[in-house]
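Remarks on the overall topology
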Amino acid sequence: MPDANDRIAIRRLGEADRGGWLALWRGYLDFYRAEVPDSTTELTFARLRDQDAGMLGLVAVDGEDRPIGLAHLVFHAATWSATSSCYLEDLFVGRARRGGEVARALIDAVYATARDRGSDRVYWHTQQFNAPARSLYDTVATPTSLIVYEHVLAPTDGR
């Protein structure tokens, strides 16, 4: 008989998820060797929880309603379409549940959410070295030939 912790569900991020989400968020940042100020983390959680600034958070939860994975979506207008696009900015599954169906379930929920919101596409970026994730992504989406360029803007002092 399957254990209750083997079951997963995907739902919108809520205030009660703060502690579990924070542990996953920190794991995600550690994976990418990134640092984000606490104030940005708090703002991010609020935006995702409140569906503010075009953002929406999803969590995968186990049978005891504990977050075990996250997906962060950003909806935006596009110049090449009359409908919105959905950018899957972050996808992460806690180490104990990787390699199973959690990531696929999150992606399926992202697709359903984007469809419900009228988006005509979902897209995301990943690191070249992230082979385990890429093996899943290759089965649920089509890689493109685009290369991402980035220029980080220095903060201004109002001048």
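Below you will find a few notes about this structure. (Residues numbered from 1 in each chain as written. Predicted model: local features only at pLDDT ≥ 70, side-chain atom pairs only at ≥ 80, totals over all residues. Heavy atoms only, no water.)

**As for the packing of aromatic side chains**
Counted only if it meets this: Planes of paired rings set the category: under 30 degrees apart is stacked, over 60 is edge-to-face and the rest tilted, where pairs are Phe, Tyr or Trp rings (Trp by its six-membered ring) whose centres lie within 6.5 Å. Working definition: helices are DSSP H or I runs of at least four residues, strands are E runs of at least two. Numbering for both runs from the N terminus. Think of it in three bands: with a 1.4 Å probe and only protein chains considered, a residue is buried below 20% of the maximum accessible area for its type, exposed above 50%, and partly exposed in between.
Across all of its chains, the model carries nine aromatic pairs by this definition. An angle of 25° between the planes, with centres 5.9 Å apart, marks the rings of Trp25 and Tyr28 as stacked. Of this pair, Trp25 and Tyr28 are both found in helix H1 (residues 18-31), three residues apart, which corresponds to roughly one turn of the helix. The buried category is assigned to Trp25, whose relative accessible area is 6%. Classification of Tyr28 as buried rests on a relative accessible area of 10%. Plain terms: the ring middles of Tyr28 and Phe92 are 5.8 Å apart, the flat faces sit at 70° to each other, and that makes the pair edge-to-face. Of this pair, Tyr28 sits in helix H1 while Phe92 sits in strand E4 (residues 85-93), and the two are 64 residues apart along the sequence. Its relative accessible area of 8% is what places Phe92 among the buried residues. Taken together, the aromatic side chains of Trp21, Trp25, Tyr28, Phe31, Tyr32, Phe45, Phe92 and Phe129 make up a single cluster linked through ring pairs.

**Things to note about the pairing of E4**
Every other side chain in a regular strand lies on the same face of the sheet, so the side chains alternate between the two faces. Quick note on the threshold: By definition, two strands form a pair when at least two bridges between them are found by DSSP. When the strands point away from the viewer and the path from the first strand over the helix to the second turns clockwise, the crossover is right-handed.
The element E4 is largely enclosed, with a buried count of eight among its nine residues. The pairing of strand E3 (residues 67-76) with E4 spans eight bridges and is antiparallel. Note on E4: the bridge partner recorded for Leu70 is Phe92. The β-α-β motif built from E4, the intervening helix H3 (residues 102-116) and the parallel element strand E5 (residues 121-123) has right-handed crossover chirality.

**A closer look at helix H2 (residues 38-50)**
Quick reminder: α-helices carry 3.6 residues per turn. Residues three or four places apart thus point the same way. Rule in force here: Multiply 1.5 Å by the residue count of a helix minus one, and that product is the helix's expected span.
Taking 1.5 Å per residue, 13 residues should reach 18 Å; H2 reaches 18 Å between its end C-alpha atoms and fits that length. Gln51 occupies a position one or two residues after H2 and carries a positive phi of about 55°.

**Quick word on the pattern of salt bridges**
What counts here: When a carboxyl oxygen of Asp or Glu is within 4 Å of a side-chain nitrogen of Lys or Arg, the pair counts as a salt bridge.
With the rule as written, the count across this model stands at eight salt bridges. Residue Asp65 is joined to Arg11 by a salt bridge in which the shortest nitrogen-to-oxygen separation is 3.1 Å. Placement of Asp65 in the loop between strand E2 (55-62) and E3 and of Arg11 in strand E1 (residues 8-12) is noted, with a sequence separation of 54 residues between them. Residue Arg11 is classed as partly exposed on the basis of its relative accessible area of 25%. Several salt bridges share partner residues, and in doing so they unite Glu15, Arg18, Glu42, Arg49 and Asp50 into one network.

**Some details on the packing of H1 against H2**
The criterion, for reference: Fitting a line to C-alpha atoms yields each axis, with helices limited to the stretch in contact; the angle taken between N-to-C directions then spans 0 to 180 degrees. Throughout, the term roughly parallel applies to angles under 35 degrees, roughly antiparallel to angles over 145, roughly perpendicular to angles from 65 to 115, and oblique to all others. The sense of a crossing depends on the near helix, which, turned anticlockwise from the far helix by less than a right angle, makes the crossing left-handed and, turned clockwise, makes it right-handed. In what follows, a contact means two residues having at least one pair of non-hydrogen atoms within 4.5 Å. Under the scheme applied, nonpolar residues are Ala, Val, Leu, Ile, Met, Phe, Trp, Tyr, Cys and Pro; charged residues are Asp, Glu, Lys and Arg; polar residues are all the others, including Gly.
Interaxial distance between H1 and H2 falls to 12 Å at its minimum, and their mutual angle equals 120°. When the interaxial angle is binned, H1 and H2 end up oblique. Judged by the twist between their axes, the crossing of H1 over H2 is right-handed. Between H1 and H2, the residues in contact are Arg18, Trp21, Leu22 and Trp25 and Thr41, Glu42, Thr44, Phe45, Leu48 and Arg49, respectively. Class assignment for the residues of the contact of H1 with H2 results in five nonpolar, two polar and three charged.

**Re the nonpolar core**
This is how the line gets drawn: Residues enter a nonpolar core if they are buried and are Ala, Val, Leu, Ile, Met, Phe, Trp, Tyr or Cys, with the set joined through side-chain atoms within 4.5 Å.
The biggest cluster of nonpolar side chains holds 23 residues, and the ones touching the most others in it are Ala71 and Leu73. Sequence-distant contacts of Ala71, defined by excluding residues within four places in its chain, comprise Leu56, Gly57, Leu58, Leu88, Asp90, Leu91, Leu106 and Val110. Formed by 15 residues, the second largest nonpolar core is a distinct cluster that contains Leu13, Trp25, Tyr87 and Phe92.

Geometry only, nothing functional implied.
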